[in-house]
Structures are given as C-alpha cells and as structure tokens.
Amino acid sequence: MLCQGTFQACNVAIGDHNQCSKRLFNSVSIGCRKSFVFSSSSSSSSSVGARSGPVLAVATNETKSKQIAYDPSLADRLRLGTMSEDGMSYKEKFIVRCYEVGINKTVTVETIANLLQEVGCNHAQSVGFSTDGFATTHSMRKLHLIWVTARMYIEIYKYPAWSDVVEIETWCQSEGRIGTRRDWILKDCATGEVIGRATSKWLMMNQDTRRLQKVTDEVRDELETYFPKELRLAFPEENNGSLKKIAKLEDPADYSKLGMVPRRADLDMNQHVNNVTYIGWVLESMPQEIIDTHELETITIDYRRECQHDDVVDSLTSVEPIEDADALESHGANGSATAPKDVNKSFLHLLRLSSDGLEINRCRTEWRKKSSRI
C-alpha cells in the first residue's frame, strides 16, 4: 500500500471539482484549496468562498445536512499541490532531499513509494475525506471500513537526484465491484519528462473483523463523484507489466535474508508494518553484484498478510526463470537457454513469517544496467 500499513487506507479514489487557488507565503507561490462541500449523501461539490476554508456536509437524521466549516491548516497553505482543472486528479511538487537519496546519489525506490503515499493522502484530504491518513468517507467510518492494499506496481524510467523537483499526478477510479485503483504519473519538473508511472489496487476491509467485503453502493456513491468520467490508466498498453501475475517462489531460494524484525519506526498509526518497509525487506535479499551494477526498473508487490511488531520475517529471492523461447529470441538470445548478459534481469521474491512460513507478500522485480548520470 502506499499507505500507513499493508492493511490501511491511504490512497483511495478521490478528487475535487475546484481548481486550487494560489497564495503568496514569504514570496513563494504555494498551492491552496478552495472551499468545497462534501456530502455523504450527495455527489455534488461547490465553492462557497475562497477565504472560509472547506465546508463538510455531515449526514444527520434531519432533512438538511449539518455544515461544519474549518480553515485550511498551515500545511495546507504551504503544500505545493493543486487539483486539475476538471477536478478529477491531483498534482503535487516535491523537492528531493539529501536524506532521500541512496548509494547511487539518486532517490531510492522507498523514497518514490513514500512520495506516492504522500500525494495520495494529500489528495484524499483535499476533497474532505478523513484527515487521519485512512482516506475514509463518512459512510466508511460509520461502518468501520478501511482500505487495504492488494497490489502495487511501480515502473521507473529515470531516478531523480538530490535537489531535483518532481511533480506527481494521481487519480482514482473503480476496480470492479470489490475495490478501487489509484494511478500515478511522475514527471521531472525541469523538463516535463515522464520519469515513472505506478498503479495500485485497493480492497475494503472491516476494521473490527479484519474481513474483506464488497464496496457498498453507499460508499461507491460517495467516491464516484471524484472518479474520471472516462477510464484513465497510467498503463494503457495491452499486456503491460502491471498485469503480470507473480509466481510463488519456492524453496530453496537462490538468496535469503532471515530473521528480520520490524523496528518501531517501521510501524504505522495502526500498529502494523508500513507498506514501504516491505519493499526494503524484499531488497535486503538481493545479491550484492546486482545492486552494484544494476538499478531497479520495475517492482510489483502482491500483499497477502498483515505483519505486526513482534513478527520475524524471512526474505527470499531467486532469479526468475525465462521459459518463453520467443522472449529469449526477442532479446537476441537466438533461442538459446541463456540470455545475453546485458538483458534486464528479473527476480522473484517472497516475504514469509519465520515462525510458520506463512506468506506475507510475493514480489517481482526487474533490473537494468546502471547508466552514468552527469
């Protein structure tokens, strides 16, 4: 998930019909939100004054909704985020900090995952959904429902470096009757170049029983106001990597890192391991020779089980076998059993509980040769 934990809602289908206005703070142009009305029983939103702050329409037993106004916070006024003109997506700019880059002097995939999480949360708040990081609607909170991450796919074309400015756009839409999806596009602000894309799938869970359930009509009505009117996908290509199933990695694995224990800093507000932590655990069992010579191009994670603070985790990694002769030939291997050395490398990963071997998640990564950055 790009959210506060594997089974926690953060990046939910949301949007806003109002164009963000601009304010000047200490001579810096910053994004801020127009006022709006969000109703759990209505799919409309409207501007009610640029200075008054958001107005939430809270469902009551009376004929009319009770309106509660509040002013934007300092963070709201400073945040470099705006809604799109049609209100169906949200964009935010981020400056890469020095502590967000790794050994390659570029951002880590964990940094990118954290930024995706952040822009999703800010998108949710910008339309009046809960501000506690769960992105739940009024009906969801009433029914004790939360969003849980089912799948995450990130594709990176170019890694930003320290002091680069990245713009991330996000939007959400329905994913059948049982969930939603959130997509992202990442751009280099200096050039406008698309440097990455991502997509995720979310399911609904009862917070008390921890059981999945279908998205109710009441909740869907609240959400669909903020969905694009026409299907929009970050990966519209047929047979794109985000659709590929991940085979389960079986023992014995080629590489392993055993006995990892969550740190306190790995836990979220829900006392579960944050989704981004799983990415770090997956990479811990990657062979060093690949880390030294390659950079991560794509990562796919299927989330299957919650992980808590007292769990001990094993990370397993194996080279993904290439069984398709046509695929080998397309890479220049001429049908031989071994692909050439410069072919991008793919790996299968498994995170499991050390105690009983239960699967936490499975993952697939693709790596490309490092390119020099000037």
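Below you will find a few notes about this structure. (Residues numbered from 1 in each chain as written. Predicted model: local features only at pLDDT ≥ 70, side-chain atom pairs only at ≥ 80, totals over all residues. Heavy atoms only, no water.)

Let's shift gears to the overall build of the protein chain. Looking only at helices and strands, the protein chain has 7 helices and 17 strands in total. Sorting the 374 residues of the protein chain into buried and exposed places 52% on the buried side. Here the contacts in the protein chain between residues at least 6 apart in sequence split such that 72% fall between residues at least 24 apart. Approximately 18,100 Å² of the protein chain is accessible, and the part contributed by carbon and sulfur atoms is 50%. (Helix = DSSP H or I, 4+ residues; strand = E, 2+ residues; numbered from the N terminus. Buried < 20%, exposed > 50% of the residue type's maximum accessible area, 1.4 Å probe, protein only. Contact = heavy atoms within 4.5 Å. Areas by Shrake-Rupley, 256 points an atom, 1.4 Å probe, with all protein chains shown as cover.)

Inspection of the entire model under this criterion finds 21 salt bridges. Put simply, Glu297 and Arg368 hold a salt bridge, and the shortest N to O gap is 3.5 Å. With a gap of 71 residues between them, Glu297 in strand S14 (residues 294–303) and Arg368 in strand S17 (residues 359–369) connect regions that are remote in the sequence. Judged by its relative accessible area of 12%, Arg368 falls in the buried class. A single network of salt bridges, built from pairs that share partners, joins Glu175, Arg181, Asp183 and Lys201. (Salt bridge = Lys/Arg side-chain N within 4 Å of Asp/Glu carboxyl O.)

So, about the side chain of Ser315. Examined against the element boundaries, Ser315 turns out to sit in strand S15 (residues 313–319). Of the residues examined, Ser315 reaches a relative accessible area of 1% and is grouped as buried. Polar side-chain contacts of Ser315 include one of 2.7 Å to the side chain of Ser285. When neighbours within four sequence positions are excluded, Ser315 is seen to be in contact with Tyr255, Ser256, Lys257, Met260, Trp281, Val282, Ser285, Leu350 and Leu351. (Polar contact = N/O pair within 3.5 Å; in protein donor to acceptor, adjacent residues only side chain to side chain.)

Of all hydrophobic cores here, the largest spans 44 residues; its most connected members are Leu116, Ile154 and Ile168. Sequence-distant contacts of Ile154, that is, excluding residues within four places in its chain, are made with Ile112, Ala113, Leu116, Arg197, Ala198, Glu297, Thr298 and Ile299. (Core = buried A, V, L, I, M, F, W, Y, C linked by side-chain atoms within 4.5 Å.)

One can describe the packing of helix H2 (residues 109–126) onto helix H5 (residues 275–284) by two numbers: an axis separation of 9 Å at closest approach and a directional angle of 165°. The angle between H2 and H5 falls in the class roughly antiparallel. Here H2 runs over H5; the crossing is right-handed. Along its contact with H2, which presents Val109, Glu110, Ala113, Asn114 and Gln117, the element H5 presents Val276, Ile279, Gly280 and Leu283. When grouped by side-chain class, the residues that make up the contact of H2 with H5 number 5 nonpolar, 3 polar and 1 charged. (Axes fitted to C-alpha atoms, helices over the stretch in contact; angles between N-to-C directions. Parallel < 35°, antiparallel > 145°, perpendicular 65-115°, else oblique. Left-handed = near helix turned anticlockwise from the far one by under 90°. Nonpolar A, V, L, I, M, F, W, Y, C, P; charged D, E, K, R; others polar.)

Looking now at the pairing of S17. With 9 of its 11 residues buried, S17 lies for the most part within the structure. When strand S16 (residues 345–353) meets S17, the two strands line up antiparallel, connected through 8 bridges. If you follow Leu351 over to S17, its bridge partner there is Asn361. If you look at the hairpin formed by S16 and S17, you'll find 5 residues sitting between the two strands, and Gly357 has a positive phi there, around 75°. (Pairing = 2+ DSSP bridges.)

Right, let's get into unusual backbone geometry. The linkage connecting Asp251 with the following residue, Pro252, adopts the cis geometry, with an omega of -5°. Along the chain, the position of Pro252 falls in the loop between helix H4 (217–224) and strand S13 (255–260). Phi is positive for Ser163, which is not a glycine, with a value near 80°.

Time to look at H5. Judged by how many residues are buried, H5 sits mostly within the fold: 9 of 10 residues are covered. Taken together, the buried positions of H5 are Asn275, Val276, Thr277, Tyr278, Ile279, Gly280, Trp281, Val282 and Leu283. In this structure Asn274 caps H5, since a side-chain oxygen of it lies 2.9 Å from the backbone nitrogen of Val276.

Time to look at the packing of aromatic side chains. The tally for this structure, following the rule as stated, stands at 3 aromatic pairs. Judged by centre distance (5.1 Å) and plane angle (75°), the rings of Tyr153 and Phe235 are edge-to-face. Of the two residues, Tyr153 is situated in strand S8 (residues 145–156) and Phe235 in the loop between H4 and S13; the sequence distance between them amounts to 82 residues. An identical accessibility class is assigned to Tyr153 and Phe235; each is buried. Aromatic ring contacts, followed pair by pair, group Tyr278, Trp281 and Tyr303 into a single cluster. The positively charged end of Arg232 is found above the aromatic ring belonging to Trp171, 3.6 Å away from the centroid. (Phe/Tyr/Trp six-rings, centres within 6.5 Å; stacked < 30°, edge-to-face > 60°. Lys NZ or Arg CZ within 6 Å of the ring centre and 35° of its normal.)

A separate point is the side chain of Ser126. Looking at the element boundaries, Ser126 is found in helix H2. According to the relative accessible area criterion, Ser126 is buried, its value standing at 1%. Here His123 takes part through its backbone oxygen, which lies 2.7 Å from a polar atom of the side chain of Ser126.

A word on the environment of Tyr255. Note that Tyr255 resides in strand S13. Separated by 61 residues in sequence, Tyr255 and Leu316 have C-alpha atoms that sit 5.9 Å apart. Among all residues touching Tyr255, those that are not within four sequence positions of it are Ser285, Pro287, Glu289, Ser315, Leu316 and Thr317.

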